[in-house]
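# Structure assessment
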Amino acid sequence: MNKSLLKEERKHGTPVYPVSLYEITCSPDHPLLYLHWHDELEFLLVTEGRAAFRVDASDYELNAGEAIFVNSGLLHSGSVLGEEPCSFVAVVFHPSLFGNGSIDYLFDQYIVPVIQETLRLPVHLQRRTGPAIELLDMLHRIAKANRDMRLASEMEIKGLLFICLSRMLALSEPTAGPRREQDDYRIDRLKAVIEHIEQHYAETITLRQLAGIACMSESYFCRFFKKITTKSPVEYMNGYRVQQAAARLRETDDKMMEIALDVGFNSLSYFNVVFRGRYGCTPSDYRKKLIRVGS
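Here, residues in each chain are numbered from 1, in the same order as that chain's written sequence. Since the coordinates come from a predicted model, pLDDT governs what is reported: local features require at least 70, and pairs of side-chain atoms require 80 or more to be given and counted, while whole-chain, interface and lining totals use all residues. Hydrogens and waters are ignored; side-chain quantities use all the structure's heavy atoms.

With that out of the way, let us pick up the overall build of the protein chain. Put simply, DSSP marks the helices as runs of H or I at least four residues long and the strands as runs of E at least two long, and each gets a number from the N terminus on. Helix and strand counts for the protein chain come out as 10 helices and 11 strands. Categorising residues by exposure relies on relative accessible area from a 1.4 Å probe, with only protein chains included: less than 20% of the type maximum marks a residue as buried, more than 50% marks it as exposed, and the intermediate range marks it as partly exposed. Looking at the protein chain residue by residue over its 295 residues, the buried ones come to 44%. We call two residues contacting when some pair of their heavy atoms lies within 4.5 Å. Of the contacts formed within the protein chain by residues at least 6 apart in sequence, a portion of 70% connects residues at least 24 apart. In these tables, accessible area is a Shrake-Rupley quantity obtained with a 1.4 Å probe, and a residue counts as shielded only by the protein chains included in the view. For the protein chain, the computed accessible surface area is about 15400 Å², with 53% contributed by carbon and sulfur atoms.

Structure, rendered in structure tokens:
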């Protein structure tokens, strides 16, 4: 299977400078981070509020000032905790940032084991040890350098990312070896299911179809899907559909029934129920709020 077809399509940085930073604020009734994956490595630093992140099948609750590290190829998602908005900085960078395009001792010695997961790097970074505190402070410096973007800020950011990885390696532990092929196969099958949902959400999708894509029985597929995503396949599909509907509400003046049908709902009342469950209001009220904010 071609894994490149399953990943997030957004390009982070450029081939010569494969680094991107995003500063995002979300209210409690909006998704913080949709389930996705990419080849890049990523630090997610919470700057205000609280957040819950899931990386593969593990959950982490973060307070302001803490961060998580997401390795290449890992599924991850996030949500706001509590009733206050949450802000975070995403620092996304490709492993090629640390290589020089030829035989590179440092890349082979330190970066390859990270990507292949023969080293276990910490995921949840808290202000409890010297190396972790130093690393978190450097993430704040990276965010500031990106905001200021003075002459040679890219060099500063690249240098700080080198130091961040060196501190991560200092906190790492060896593993028994790379992840088992069976685990990789199951995760790849799940990525294929998610890709199918994202490409065909406007159509009728049955549980049997999704289980077939995953090469699993329906009962096992439902358990495995929920273990990784914390949602049932139907909950995930409906969540993705109302996400697309919210974009339509923001960007067009299309009628509610038209939007509901276009994103895969055959019933306007059911669309309203699912939308309210995700955004805390009906689609009509959501659009009215947008109009008030824009006026």
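Quick look at the packing of helix H5 (residues 207-214) against helix H6 (residues 218-229) now. Across the interface, H5 lies against H6 with an axial gap of 9 Å and an inter-helix angle of 80 degrees. Judged by the angle between their axes, H5 and H6 are roughly perpendicular. Mapping the contact onto sequence places Leu207, Arg208, Leu210, Ala211 and Ala214 in H5 and Glu218, Phe221 and Cys222 in H6. Just so you know the grouping, Ala, Val, Leu, Ile, Met, Phe, Trp, Tyr, Cys and Pro go in nonpolar, Asp, Glu, Lys and Arg go in charged, and all remaining residues, Gly too, go in polar. For the contact of H5 with H6, a count of residues per class yields 6 nonpolar, no polar and 2 charged. Axis definition: a line fit to C-alpha positions, over the contact stretch in the case of helices; interaxial angles, taken between N-to-C directions, run 0 to 180 degrees. For classification, angles of less than 35 degrees are called roughly parallel, those exceeding 145 degrees roughly antiparallel, those between 65 and 115 degrees roughly perpendicular, and all remaining angles oblique.

Strand pairing in a sheet takes place through backbone hydrogen bonds and is either antiparallel or parallel in direction. The strand order across the open sheet built from 4 strands is S2-S7-S4-S5, with neighbouring strands paired in antiparallel fashion. The open sheet has two edge strands with one neighbour each: strand S2 (33-36) and strand S5 (58-63). Strand-to-strand twist of the sheet, defined as the mean angle between neighbouring strand axes without regard to direction, takes the value 20 degrees. Strands pair, by our definition, only if DSSP identifies at least two bridges between them. As judged from the 6 bridges shared by strand S4 (residues 50-55) and S5, these two strands associate in the antiparallel manner. Of the residues in S5, the one forming a bridge with Arg54 is Asp59.

Attention shifts here to the sheet that holds strand S8 (residues 86-93). Spatial strand order, S1-S8-S3-S6-S10: 5 strands in an open sheet with antiparallel pairing. Every other strand in the sheet has two partners, leaving strand S1 (19-26) and strand S10 (124-125) as the edge strands with one partner each. Here strand S6 (residues 67-70) runs beside S10; their pairing, made up of 2 bridges, is antiparallel. For Ala67, the partnering residue across the bridge sits in S10 and is Leu125.

Turning to the nonpolar core, a few remarks are in order. By size, the foremost hydrophobic cluster in this structure holds 32 residues, and its most contacted members are Phe43, Phe93, Leu139, Ile142 and Leu161. Beyond its immediate sequence surroundings of up to four residues, Leu139 is in contact with Phe43, Leu45, Ala67 and Cys164. What we call a nonpolar core is a set of buried Ala, Val, Leu, Ile, Met, Phe, Trp, Tyr and Cys residues that are connected through their side-chain atoms within 4.5 Å. Leu190, Phe221, Ile228 and Met237 belong to the second-largest nonpolar core, a separate cluster that totals 19 residues.

Another aspect to go through is a nonpolar patch on the surface. Residues enter a patch when their relative accessible area is above 30% and they make no salt bridge; the linking distance is 9 Å between like charges and 5 Å between nonpolar side chains (Val, Leu, Ile, Met, Phe, Trp, Tyr). Salt bridge, as used here: a side-chain nitrogen of Lys or Arg that lies within 4 Å of a carboxyl oxygen of Asp or Glu. On the surface, Tyr105, Leu106 and Tyr110 cluster together into a nonpolar patch covering about 340 Å² of accessible area. Relative to the helices and strands, Tyr105 resides in helix H1 (residues 105-115).

All told, the structure shown has 11 salt bridges when counted by the stated rule. Here Arg167 and Glu134 are joined by a salt bridge, their closest N and O atoms 3.0 Å apart. Taken as a pair, Arg167 in helix H3 (residues 153-170) and Glu134 in helix H2 (residues 130-148) lie far apart in primary sequence, 33 residues in all. Residue Arg167 is classed as partly exposed on the basis of its relative accessible area of 25%. On the basis of relative accessible area, Glu134 is assigned to the partly exposed category, the value being 34%. Of the charged contacts, one joins Arg208 and Glu218 as a salt bridge, the two residues approaching to 3.7 Å between their closest N and O atoms. Of this pair, Arg208 sits in helix H5 while Glu218 is found in helix H6, placing the two residues 10 residues apart along the sequence. Looking at Arg208, the relative accessible area reads 64%, which means it is exposed. By sharing partners, the salt bridges in this structure join Lys144, Asp148 and Arg150 into a single network.

Here the aromatic set is Phe, Tyr and Trp, taking the six-membered ring for Trp, and pairing holds for ring centres within 6.5 Å; pairs whose planes are under 30 degrees apart are stacked, those over 60 apart are edge-to-face, and all others are tilted. Within this structure, the stated rule accounts for 15 aromatic pairs. Taking the centre distance of 5.8 Å and the plane angle of 65 degrees together, the rings of Phe265 and Tyr270 count as edge-to-face. Members of the aromatic cluster, joined through ring pairs, are Phe265, Tyr270, Phe271, Phe275, Tyr279 and Tyr286. Our definition puts a charge over a ring when NZ of Lys or CZ of Arg is within 6 Å of the ring centre and also within 35 degrees of the ring normal. When the ring centre of Trp37 is taken as origin, the NZ or CZ atom of Lys191, which lies over that ring, is 3.6 Å away. The cationic tip of Arg278 hangs over the ring face of Tyr279; the distance from NZ or CZ to the ring centre is 6.0 Å.

A positive phi angle, close to 45 degrees, is found at Met149, a residue other than glycine. Position of Met149 relative to the elements: it lies in the loop between H2 and H3. If you check the backbone angles, Ala152 has positive phi at about 70 degrees while not being a glycine. Assignment of secondary structure puts Ala152 in the loop between H2 and H3.

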